[in-house]
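A closer look at the structure
Listed below are the residues making up each chain.
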Amino acid sequence: MSDTVSFGYEEVSAEEKEHRVGAVFSSVARKYDVMNDAMSAGMHRLWKDKFVRRVKPREGEQILDMAGGTGDIAFRMAEHGASITVSDINQDMLDVGIERAMERGFDGLVWSRQNAEELAFPDRFFDAYTIAFGIRNVTHIDKALAEAFRVLKYGGRFFCLEFSTTEWPGFKEVYDSYSHKLVPKIGQMVAGDAESYRYLIESIRRFPPMPEFEAMIRNAGFKHTKVEPIMGGLVAIHSGWKV
Ligand SMILES: C[S@@+](CC[C@H](N)C(=O)[O-])C[C@H]1O[C@@H](n2cnc3c(N)ncnc32)[C@H](O)[C@@H]1O
């Protein structure tokens, strides 16, 4: 098969990946938030808090939260007074986010269905671009990075929070076994869907290691790139500037 991409451990066509990723997130949307807590023992909240501290959102800024899903990053940034646009390719995830925003009184957010690879926003529009646990699901990561660069103003900043590979000895083995064996079981119990969670774990394994992903960010044109591993690299914050 020519021009294949990874869908978890499988190689599929680009169209099939986009379709299957869509099906995964439509299936998990309603249980997405409770599953995040169940799988990470609540730690995803701390990682997201740290991520937003790094972004330093400020009043008056326009920030695009790409692959923003149900709004976790957007709500944290909106608390600092920035104007947030939440974009995601999946309307089911955005719908859950819109409901959560109404419940929590976040009424100033813009919700916009968009493919990260082909954004409808003008050039040099945003002060910052964030993407949390989203980029590994994108079919052509290089295209998404090029679009991030295009829509940022000069002086704008790019921040990505994503699972990576932990280098802590001992912990790596425990985590590998936990994620491959237990996460699909938790997915089955909590969300009635083992397969989607199997994909989510496999997609973590297929994602490029930190130095390789940092090089991709540089290749998209970003300068002063940085990687901050969390828990030995289990999760990492990648950042760069458009200068
Ligand atoms: C694991 S969720 C992360 C949601 C949120 N950022 C968070 O941290 O809770 C990944 C999101 O990426 C979105 N996604 C996948 N491919 C995308 C694409 N090509 N463009 C935009 N969003 C995409 C999915 O629909 C899903 O909502």
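Under an unreviewed UniProt entry, the name given to the protein chain is Ubiquinone/menaquinone biosynthesis C-methyltransferase UbiE, and the source organism is Novosphingobium indicum. UniProt, in the comment section headed Sequence similarities (unreviewed entry), describes the protein chain in these words: "Belongs to the class I-like SAM-binding methyltransferase superfamily. MenG/UbiE family."

Here we look at the layout of surface pockets
By volume, the largest pocket is sized at about 510 Å³. Every residue lining the largest pocket is counted, 33 residues in all, and those nearest its centre are Phe-25, Ala-67, Asp-88, Ile-89 and Asn-137. When residues of the lining of the largest pocket are traced back to their parent elements, those giving at least two are helix H1 (14-28), strand S3 (62-66), helix H4 (72-78) and helix H5 (91-104). Broken down by element, the residue count for the lining of the largest pocket peaks at five residues, all from H1. One number sums up the size of the second largest pocket: a volume of about 420 Å³. Residue lining of the second largest pocket: 24 residues in total, with Met-39, Ser-40, Trp-47, Phe-163 and Tyr-175 positioned closest to the centre. Per element, the largest residue contribution to the lining of the second largest pocket is six residues, and it comes from helix H7 (residues 171-191).

A few points about the site of the ligand
Lining the immediate surroundings of the ligand are 20 residues, of which Ala-67, Asp-88, Asn-115, Ala-116 and Ala-132 lie closest. One can see that the ligand is located within the largest pocket. Residue classes in the shell around the ligand are distributed as 11 nonpolar, seven polar and two charged.

Rules and cut-offs
Residues numbered from 1 in each chain as written. Predicted model: local features only at pLDDT ≥ 70, side-chain atom pairs only at ≥ 80, totals over all residues. Heavy atoms only, no water. UniProt positions renumbered as here; feature names shortened; annotations may be inferred. 1 Å grid on protein atoms, 1.4 Å probe; cavity = no way out; pocket = protein on both sides within 12 Å on 5 of 7 lines; lining within 4 Å. Points joined across faces, edges and corners; volume = space filled by probe spheres on them. Helix = DSSP H or I, 4+ residues; strand = E, 2+ residues; numbered from the N terminus. Near = heavy atom within 4 Å. Sits in = over half its atoms within 2 Å of the grid points. Nonpolar A, V, L, I, M, F, W, Y, C, P; charged D, E, K, R; others polar.

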